[in-house]
Structure formats: C-alpha cells, structure tokens
Amino acid sequence: MSEPSIFTRILRGDIPGEIVAETERVFAIKDISPQAPVHLLVIPKTQEYRDVTELAAGDPSLLAEMVEVAKGVAGGDFRLLFNTGASAGQTVFHVHAHVLAGGLGEKSLVGA
Ligand code: 5GP
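Keep in mind the model is a prediction, meaning the values are calculated, not measured. (Residues numbered from 1 in each chain as written. Predicted model: local features only at pLDDT ≥ 70, side-chain atom pairs only at ≥ 80, totals over all residues. Heavy atoms only, no water.)

A. Inspection of the nonpolar core at higher detail. Val26, Val42, Leu55, Met66, Val69, Val73 and Val99 are the most contacted members of the largest nonpolar core, which totals 17 residues. With 7 residues, helix α3 (residues 60–74) is the single largest residue contributor to this core. For Val99, the contacting residues outside a window of four places in its chain are Val38, His39, Leu40, Val42, Ala70, Ala74, Phe78, Arg79 and Leu80. Judged by nonpolar contacts, the second largest core, of 7 residues, contains Phe7, Phe27, Leu41 and Val92. (Core = buried A, V, L, I, M, F, W, Y, C linked by side-chain atoms within 4.5 Å. Buried < 20%, exposed > 50% of the residue type's maximum accessible area, 1.4 Å probe, protein only. Helix = DSSP H or I, 4+ residues; strand = E, 2+ residues; numbered from the N terminus. Contact = heavy atoms within 4.5 Å.)

Rendered as structure tokens:
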C-alpha cells in the first residue's frame, strides 16, 4: 500500500480542505493556491491512478464521472486541465483535474 496522498488525507479529514462536492467515487476541493477566480480540483477517491493516462486506460467511466463533477462545480464555462508528469508541472501523483473558471476571458490558453 502506498502512502496516502495529500488528497487522500484531505478526504479522510486528516488535514484541512474544503470539500465542495462529492459523489460515491469523486470529490472536489478548492485549490489552496488558486490560479483563477474559480480554481477547484476534482479528484477520484481512489489514489490508484497516478495521472489521467492511467485513469483513462484503467477506468474510463471514472474519468467521465470526474468531467461530470467538474461541470457541476464550475457553474458555467470552464477549463479542465490535467498536468501529466513532473516536467509538465504535476506535483501530486494522485490523478486530479484542475477546474478553472470565472473571468478567464475568451482567449485560449494555447497560444495565449
Ligand atoms: P499539480 O501541480 O499536481 O497539477 O496540482 C496539485 C495542486 O494541488 C496544486 O495546484 C496545489 O496548489 C494543490 N494543493 C497542494 N497541496 C494542497 C493542499 O494541502 N490543499 C489544497 N486544497 N490544495 C493543495
């Protein structure tokens, strides 16, 4: 068994973190260091998948459930971002989606 991730510890209540939405398999929290007016993290309760490529291969329906939860918590249009790999900025290896929304403007991140 691997060490509990920071997100697992939040889910268990071992460390503080505001859970803003929850389903049987997924939960959402506010990012501690927001990069947009709305910056939430949508996370599977299992930490068995390190990143979105593992999750997509191992449990596509769980990935779809994360997208559904992201849509619900965003409250409108949103960006969904999965940092995948350390050199792409991933720091927590328990797959999670960043939901960014609110005042982003119409400009795409790509080419911005
Ligand atoms: P990554 O860099 O792996 O894509 O994203 C990890 C995210 O987790 C970062 O945006 C970081 O701000 C957030 N984070 C790290 N530690 C905590 C914490 O203790 N609580 C919350 N709510 N977010 C955290």
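B. View of the sheet that holds strand β4 (residues 79–81). Spatially, the 5 strands line up as an open sheet ordered β1-β2-β3-β5-β4, and their pairing is antiparallel. Only two strands of the sheet have a single partner each, and these edge strands are β1 (19–22) and β4. Strand-to-strand twist of the sheet, defined as the mean angle between neighbouring strand axes without regard to direction, takes the value 25°. One ladder, built from 3 bridges, connects β1 with strand β2 (residues 26–30); its direction is antiparallel. In the strand pairing of β2, Ala21 is matched with Ala28. Against the sheet, α3 makes contact with β1, β2, β3 (38–44), β4 and β5 (97–101), and its axis sits at roughly 155° relative to β3, the strand it touches most. (Pairing = 2+ DSSP bridges. Axes fitted to C-alpha atoms, helices over the stretch in contact; angles between N-to-C directions.)

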